[in-house]
Amino acid sequence: PGSAKRAAFLQLEGLTELLTTDDHDLDGDGKSVPRYAFVKTQYPHHEGIWSWGARGNQSVYVLQNPRMALQTYMFLLHEINYADGWMSSRLHRFDTFKVRPSVDEWIDFKRDRFTREVNSWSWHLEYWMENGLLRDVFTHNLTNPEIMDGIMNPSIYTEAELSTFQDALSDVNATFDRHCVEGDMPYCLPVAIVSYEKLMQESTGPAEVGKLARVIQNQPSMNVVDESVWKCVWKKVIIEKDTGVRIDSDREGPDMETYRFTVGEVETIIDELERLKEKYSTSQLSMTAPLYEELVSYLTEYIADQYSYLHSL
């Protein structure tokens, strides 16, 4: 959860003039309806649900630097008053992307949730990059559907309880999310991966938009604007903000530089990024090679950014 999905769906809507909904259809009546062409989802993170049934035939993964992902996720939680249900979230849907929280609240959030959320960032990535393979959020080892359900419902089990359940497992077979193997989606592995950071930069944004356009170009009922205007779409959305939809830069409050990370926290992020980079650098599956190669390139850039940040502390 964070701001990356919003940046992507605004581009998709600009390319097609079709609408996007979210996991919980907060602007509707609580039920997804066919008039939406795109669904932005946090699934399997506990903030998301598999809301689209079998109506989705492919996915695109929008990657965001984990430092910023943690910040923008926390900002959204603050804006919806840490809502834990559909109705309470819906009541605050017009409060998002407006005001950043106090720095003290940010420090409290990190104290309580930093480790879990960093692990959730990488766990979520692994889920989609491995076609819905079930893994434990804390150890990233294989797990079973029962523990996966507990991970997706943190109000039911504590971190200690989930860790105890996972430690008790032995000889765990590789198990895939039923949505990915029983027909809801032909294959959960993304058809493309885009970077939020590159999507927002003028030098790289139009190329990232091109990735989005190409994966929907030949889809039924998708009338994508001509390639000659893709750059114009990017400019209208990001530079001129013609959509009227608020984004990260529209928030007011303390300067972003005041939402700091400690040396130890940044080192934890680096360890996770290095683990993922090594893992996806050594994949032998030809069908995943192009996707993993691009992912490793993004991870490498994120690692370099963490070290730059460390040097600034």
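Every value quoted in this text rests on a predicted model; they were computed, and no experiment measured them.

Student: Mind showing me how you'd approach the overall build of the chain here?
Tutor: Regarding its fold elements, the chain presents twelve helices and four strands. Taken against the 2.2 N^0.38 rule, which gives 20 Å for 313 residues, the C-alpha radius of gyration of the chain at 19 Å falls within 12% of a compact globule. When the backbone C-alpha atoms are referred to their principal axes, the chain occupies close to 55 × 45 × 40 Å. Taking all 313 residues of the chain together, the buried fraction comes to 49%.

Student: So what exactly am I meant to see when it comes to the environment of E117 here?
Tutor: If you trace the backbone, E117 turns up in helix α4 (residues 103–129). Along the primary structure E117 and A37 are separated by 80 residues, whereas in three dimensions their C-alpha atoms are 30 Å apart. When sequence neighbours within four positions are dropped, the list of residues in contact with E117 reads H45, H46, L70, Y73 and F109.

Student: Teacher, can you tell me more about empty space enclosed by the protein here?
Tutor: Summary: where empty space remains is shown by rolling a probe the size of a single water molecule over the atoms. Per the counting criterion, the structure on display carries one cavity of 30 Å³ or more. If you go around the largest cavity, the residues you meet are S3, R6, A7, L10, F97, Y196, M200, V237, I238, I247 and D248. Contributions of two or more residues to the lining of the largest cavity are made by α1 (4–16), α8 (196–200) and α10 (230–239). It is α1 that contributes the most residues to the lining of the largest cavity, three residues altogether. Counted by class, the lining of the largest cavity contains eight nonpolar, one polar and two charged residues.

Student: Would you explain the packing of α1 against helix α9 (residues 205–216) in this entry?
Tutor: If you want to describe how two helices pack, look at the angle between their axes and the distance between the axes. At their nearest, the axes of α1 and α9 sit 10 Å apart, and the two run at 55 degrees to each other. On the basis of the axis angle, α1 is oblique to α9. Crossing handedness for the pair α1 and α9: right-handed. Contact residues: α1 offers A8, Q11, L12, L15 and T16, while α9 offers V209, L212, A213 and I216. Of the residues that constitute the contact of α1 with α9, the class distribution is seven nonpolar, two polar and no charged.

Student: Quick question: what am I supposed to make of the pattern of salt bridges here?
Tutor: A side chain of one charge can pair with a side chain of the opposite charge if their charged atoms are brought near each other. Counted by the stated rule, this structure contains 20 salt bridges. A salt bridge links R111 to D112, with the nearest nitrogen and oxygen atoms 3.0 Å apart. Each of the two residues, R111 as well as D112, counts as exposed. Between K241 and D250 there is a salt bridge; the shortest N-O distance is 3.1 Å. When its relative accessible area of 21% is taken as the criterion, D250 is described as partly exposed. Residues joined in a network through salt bridges with shared partners are E126, E130, R135, E272, R275 and K279.

Student: Is there a simple way to explain the state of the cysteines in this structure?
Tutor: Under the definition given, this model contains one disulfide. Put simply, C180 and C188 are joined by a disulfide, and their sulfur atoms are 2.0 Å apart. Because the sign of the S-S torsion sets the handedness, a value of about -95 degrees for the bond joining C180 and C188 places this disulfide among the left-handed ones. C180 gets classed as buried once you look at its relative accessible area, which sits at 4%.

Student: So what exactly am I meant to see when it comes to the nonpolar core here?
Tutor: One recurring pattern in soluble globular proteins is that nonpolar side chains are buried together. Counting residues in hydrophobic clusters, the biggest one holds 52 residues, and the most contacted among them are L63, W121, W128 and M129. Put simply, the parts of the chain that give this core at least two residues each are β3 (60–63), α2 (66–79), α4, α5 (145–151), α11 (263–281) and α12 (289–312). Contact partners of W128, with chain neighbours within four places excluded, come to Y43, P44, W50, W52, S59, Y61, M185, C188, L189 and P190. Judged by nonpolar contacts, the second largest core, of 25 residues, contains A4, V194, V209 and V233.

Student: How should a negative patch on the surface be read in this particular structure?
Tutor: Taken together, the side chains of E267, D271, E274 and E278 present a region of like negative charge at the surface. As for its position among the elements, E267 is in helix α11. Residue classification places E267 among the partly exposed residues on the basis of a relative accessible area of 41%.

Student: Mind showing me how you'd approach unusual backbone geometry here?
Tutor: Glycine aside, negative phi is the norm for most residues, and most peptide bonds take the trans geometry. Backbone torsion omega between Y43 and P44 reads 5 degrees, so that peptide bond is classified as cis. Position of P44 among the secondary structure elements: in the loop between β2 (36–40) and β3. You will see that N81, though not glycine, has its phi angle at about 60 degrees, which is positive. Following the sequence through the fold, N81 ends up in the loop between α2 and α3 (86–91). In this structure, F97 is a non-glycine residue whose phi angle is positive, near 60 degrees.

Procedures and definitions
- Residues numbered from 1 in each chain as written.
- Predicted model: local features only at pLDDT ≥ 70, side-chain atom pairs only at ≥ 80, totals over all residues.
- Heavy atoms only, no water.
- Helix = DSSP H or I, 4+ residues; strand = E, 2+ residues; numbered from the N terminus.
- Rg over C-alpha atoms; globule rule 2.2 N^0.38 Å.
- Buried < 20%, exposed > 50% of the residue type's maximum accessible area, 1.4 Å probe, protein only.
- Contact = heavy atoms within 4.5 Å.
- 1 Å grid on protein atoms, 1.4 Å probe; cavity = no way out; pocket = protein on both sides within 12 Å on 5 of 7 lines; lining within 4 Å.
- Points joined across faces, edges and corners; volume = space filled by probe spheres on them.
- Nonpolar A, V, L, I, M, F, W, Y, C, P; charged D, E, K, R; others polar.
- Axes fitted to C-alpha atoms, helices over the stretch in contact; angles between N-to-C directions.
- Parallel < 35°, antiparallel > 145°, perpendicular 65-115°, else oblique.
- Left-handed = near helix turned anticlockwise from the far one by under 90°.
- Salt bridge = Lys/Arg side-chain N within 4 Å of Asp/Glu carboxyl O.
- Disulfide = S-S within 2.5 Å.
- Core = buried A, V, L, I, M, F, W, Y, C linked by side-chain atoms within 4.5 Å.
- Patch = residues over 30% accessible without salt bridge, like charges linked within 9 Å, V, L, I, M, F, W, Y side chains within 5 Å.
- Areas by Shrake-Rupley, 256 points an atom, 1.4 Å probe, with all protein chains shown as cover.
- Lys, Arg positive; Asp, Glu negative; His and termini not counted.
- Charge placed at Lys NZ, Arg CZ, Asp CG, Glu CD.

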